[in-house]
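Residue-level listing of the chains:
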2 protein chains.
Amino acid sequence: MKNDLLLRAIRKEPIERFPVWLMRQAGRYMREYRDLRAREENFLSFCKNVELAVKVSLLPLELLGVDAIIIFSDILVPLESIGVKVDFVEGEGPRLEWSGKVSELKRYNPEDNAFVYEIIRNVKEAQDEVPVIGFAGAPFTLASYVIEGSSSRDFRKTKLFMWEREYDFKKLMEILSETLYRYILKQIEAGADVVQLFDSWTNYLSRNDYEEYVFPYVRELINRIKSKTDTPLIYFFKGSSSFIDLAKQTQADVLSVDWSVDLSLEAVRNDKVLQGNLEPSVLYAKEETIKFKTLELLNGIPRKTGYIFNLGHGLAPDMEFDKVKFLVDTVKGFRIN
Amino acid sequence: MKNDLLLRAIRKEPIERFPVWLMRQAGRYMREYRDLRAREENFLSFCKNVELAVKVSLLPLELLGVDAIIIFSDILVPLESIGVKVDFVEGEGPRLEWSGKVSELKRYNPEDNAFVYEIIRNVKEAQDEVPVIGFAGAPFTLASYVIEGSSSRDFRKTKLFMWEREYDFKKLMEILSETLYRYILKQIEAGADVVQLFDSWTNYLSRNDYEEYVFPYVRELINRIKSKTDTPLIYFFKGSSSFIDLAKQTQADVLSVDWSVDLSLEAVRNDKVLQGNLEPSVLYAKEETIKFKTLELLNGIPRKTGYIFNLGHGLAPDMEFDKVKFLVDTVKGFRIN
């Protein structure tokens, strides 16, 4: 590919500038996304429409000039195959339905997500510019959706389930881990150059609960994947300052962290490649501020650190495209010397 | 006083069991609180009604048997004196109004909060059982209310103000720090045995923003107070795993932390007395679970650590009194040997 900056950064090879991509870079903040989205009534059918999903995936390369494409999909996509009905209610977010009995969940059939692998293949074919990132939710983040049945503000149901139905919780985590293992390997087979696991809600967990109920599954899943493939794996986890010493113990190639950690300190403490961690709210500020905060972050990265620029969380629908573009350009304009 | 367990724990003297009190221990979850609250129409006038505030402050000693009384008040109370109008809208939380010009804020007059000192004196007089804790918001947490004008879910206004009106933000932090310095000293003069500073919203800040915009003021405020008095000072800060290495550098006697840190690890890394950090959601669980999680925490505290049991955040209105009582009894039943 013409621009393999991301892969070189992950291998800690010399790079002239830091690679940049953004979580949820193809999303509602982008007019071209909204236009394509309007062609399907339902969000899930939009994800499954290979032609549209490929187009959406490519938008950030075309419009922002990022250094990686993450395929357009949703972390809830593999759940249908194990027997969890997923629906997206406009303006309300996901609704999940299942029997509530962990023992009734089905064994995952990776072929149920054939459309995802096809999206990856087609995105690879459609361009030879940049690496393609496949992704999945991490076991806990998926478990929390399954248990809550929707988005949550406090994850109370999940926590009570975890503490009081420990056997079922662990069984659910095992089922999800097995599902994700097979799902991720299929994405790699289809041509994903990098994969990312999203643990988007771990910031709601105590350090002790993460360590006891979540981390063993994440570590096992990551290590199992890495025992089968050299494809780089990125582990994104919220509440990063609380869990980074644990995350380091996995075989993940890259730790993608939120703004709770000081990247310049972590770079010294840590020999993993780091990704992140600009606070997304910076994008609501003036260009001058965006530039200041971005350069401040980039200047803090020690020279030999493998590093990929990203935000500490995904882009939000109410962000302005021009500012996102300005951010990407600011990172691309920063020279490492 | 008959039970000085809290003070002995802070001095790291030998104790037979860990002291326990709970943030927002006198609050809406308690029927007796709601009965007293009903006697005043407005929340602020409730705070200013010395007789009622004293009664409310005493409730947790009488009904829960905690080892400390925290006076009943609100962190927004000192703001009126500097020219910020504070109002509480039923079911909506605080509404703050001011000119928006930092230069127009007035110099704090501690006598405007004479009712607070009177509450402290009266609570001291009303009982000789346990120590009395005075408190205030920390400068950033108050600044965030002043800037947002209400509670916030993302503190976007505060962040933009901080980044883009840096001069004004720092001026505001100075005014609040000076206010809090005088307010806290007056509480100590009135007889507070311990004081606690609440930085309840720092978890919304990036590590770097906390370090640059918040920590210098907190450190200066704490150290200034401690240069004038031996009264123990507790610093409570959310997002604890992100900032604890900084908080350690202050002269605070006690660090009160949320559930993002592993207390047993921190106790080893840290020679400050620790307070916290049970996740409050545990109180929605069954008694069996409450007991398990509490004992797990207590068993993790190394023997020589100065430690005060508390939650990682305040009690919520929808918690059950009986479970709160059960929690307190569980802690009191745990023997250190």
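Residues numbered from 1 in each chain as written. Chains lettered and ligands numbered in written order. Predicted model: local features only at pLDDT ≥ 70, side-chain atom pairs only at ≥ 80, totals over all residues. Heavy atoms only, no water.

Engineer: Break down the layout of surface pockets for me, with residues and values.
Structural biologist: The calculated volume of the second largest pocket comes to roughly 440 Å³. Forming the boundary of the second largest pocket are 24 residues, of which Ser-241 and Arg-269 of chain A together with Ser-241, Ile-244 and Arg-269 of chain B lie nearest the centre. Among the secondary structure elements, those contributing two or more residues to the lining of the second largest pocket are helix 10 (240-247) and helix 11 (263-269) of chain A together with helix 10 (240-247) and helix 11 (263-269) of chain B. Considered class by class, the residues forming the lining of the second largest pocket number six nonpolar, six polar and twelve charged. (1 Å grid on protein atoms, 1.4 Å probe; cavity = no way out; pocket = protein on both sides within 12 Å on 5 of 7 lines; lining within 4 Å. Points joined across faces, edges and corners; volume = space filled by probe spheres on them. Helix = DSSP H or I, 4+ residues; strand = E, 2+ residues; numbered from the N terminus. Nonpolar A, V, L, I, M, F, W, Y, C, P; charged D, E, K, R; others polar.)

Engineer: A description of the pattern of salt bridges should follow, citing residues and the corresponding values.
Structural biologist: Residue and element names in this part refer to chain A. Counted under the stated rule, the structure contains 57 salt bridges over all chains. Across the salt bridge formed by Asp-4 and Arg-8, the nearest N and O atoms sit 3.0 Å from each other. Here Arg-8 falls in the buried class, since its relative accessible area comes to 18%. A salt bridge links Asp-154 to Arg-156; the nearest nitrogen and oxygen atoms lie 3.6 Å apart. Classification of Asp-154 as partly exposed rests on a relative accessible area of 35%. (Salt bridge = Lys/Arg side-chain N within 4 Å of Asp/Glu carboxyl O. Buried < 20%, exposed > 50% of the residue type's maximum accessible area, 1.4 Å probe, protein only.)

Engineer: An account of the interface of chain B and chain A is needed here, citing residue identities and associated values.
Structural biologist: With 34 residues of chain B at the contact, the number on the chain A side is 34 residues. Carbon and sulfur atoms supply 45% of the area buried between chain B and chain A, which totals about 2600 Å² over both sides. It is Arg-156, Trp-163 and Glu-164 of chain B in chain B that bury the most area against chain A; as a group they hold 20% of the surface buried on that side. The shortest N-O distance in the salt bridge between Asp-318 of chain A and Arg-156 of chain B comes to 3.0 Å. Viewed at the interface, chain A and chain B are joined by 19 residue pairs in polar contact (both at pLDDT 80 or more). Taken together, the elements giving at least two residues each to the side of chain B that touches chain A come down to helix 7 (156-164), helix 9 (207-228), helix 10, helix 11 and helix 12 (287-299) of chain B. Taken together, the residues of the side of chain B that touches chain A sort by class into eleven nonpolar, seven polar and 16 charged. (Contact = heavy atoms within 4.5 Å. Buried area = accessible area lost by both parts, 1.4 Å probe. Polar contact = N/O pair within 3.5 Å; in protein donor to acceptor, adjacent residues only side chain to side chain.)

Engineer: How would you explain the relation of the copies chain B and chain A if you had to name every residue and give the values?
Structural biologist: Superposing chain B onto chain A requires a rotation of 180° together with a translation of 0.0 Å along the rotation axis, leaving an RMSD of 0.0 Å. The transformation just described matches what one would write down for a two-fold rotation axis. The C-alpha atom lying nearest the rotation axis in chain B is that of Ser-241 of chain B; the distance is 2.8 Å. In this assembly, 100% of the residues forming the interface of chain B have copies in chain A that are likewise at the interface, indicating an isologous arrangement. (Least-squares fit on C-alpha atoms with pLDDT ≥ 70 in both.)

Engineer: Would you mind going over the UniProt feature "binding site: substrate" (unreviewed entry) in chain A in detail, with residue names and values included?
Structural biologist: Residues and elements named next belong to chain A. Within the UniProt annotation, "binding site: substrate" (unreviewed entry) is assigned to Arg-24, Gln-25, Ala-26, Gly-27, Arg-28, Asp-74, Tyr-145, Ser-200 and His-313. As for its placement among the helices and strands, Arg-28 is situated in the loop between helix 1 (5-10) and helix 2 (31-37). Excluding residues that lie within four positions of it along the chain, Arg-28 makes contacts with Tyr-33, Arg-34 and Pro-317. With respect to the element layout, His-313 can be found in the loop between strand 9 (307-311) and helix 13 (321-332). With residues near it in sequence (within four places) discarded, His-313 still touches Met-23, Arg-24, Phe-236, Lys-238, Trp-259 and Pro-280. (UniProt positions renumbered as here; feature names shortened; annotations may be inferred.)

Engineer: With reference to specific residues and values, describe the packing of aromatic side chains.
Structural biologist: Scanning the model with the defined rule gives 40 aromatic pairs over all chains in all. Relative to Phe-72 of chain A, the ring of Phe-43 of chain A lies with its centre 6.1 Å away and its plane at 85°, an arrangement referred to as edge-to-face. Linking Phe-43 of chain A in helix 3 (residues 43-48) with Phe-72 of chain A in the loop between strand 1 (69-70) and strand 2 (85-89), this pair joins segments that are 29 residues apart in sequence. Owing to a relative accessible area of 16%, Phe-43 of chain A belongs among the buried residues under this scheme. In this structure Phe-72 of chain A comes out as buried when scored by relative accessible area, which is 6%. Cation over ring: Arg-156 of chain A sits above Tyr-284 of chain B, and NZ or CZ is 3.4 Å from the ring centre. The ring of Tyr-181 of chain A carries the charged tip of Arg-224 of chain A above its face, separated from the ring centre by 3.7 Å. (Phe/Tyr/Trp six-rings, centres within 6.5 Å; stacked < 30°, edge-to-face > 60°. Lys NZ or Arg CZ within 6 Å of the ring centre and 35° of its normal.)

Engineer: Help me get a handle on the side chain of Thr-330 of chain A, residues and values and all.
Structural biologist: Residues and elements named next belong to chain A. Note that Thr-330 resides in helix 13. Given a relative accessible area of 9%, Thr-330 falls into the buried group. Those residues in contact with Thr-330 that sit more than four places away from it in its chain are Lys-291, Thr-294 and Leu-295.

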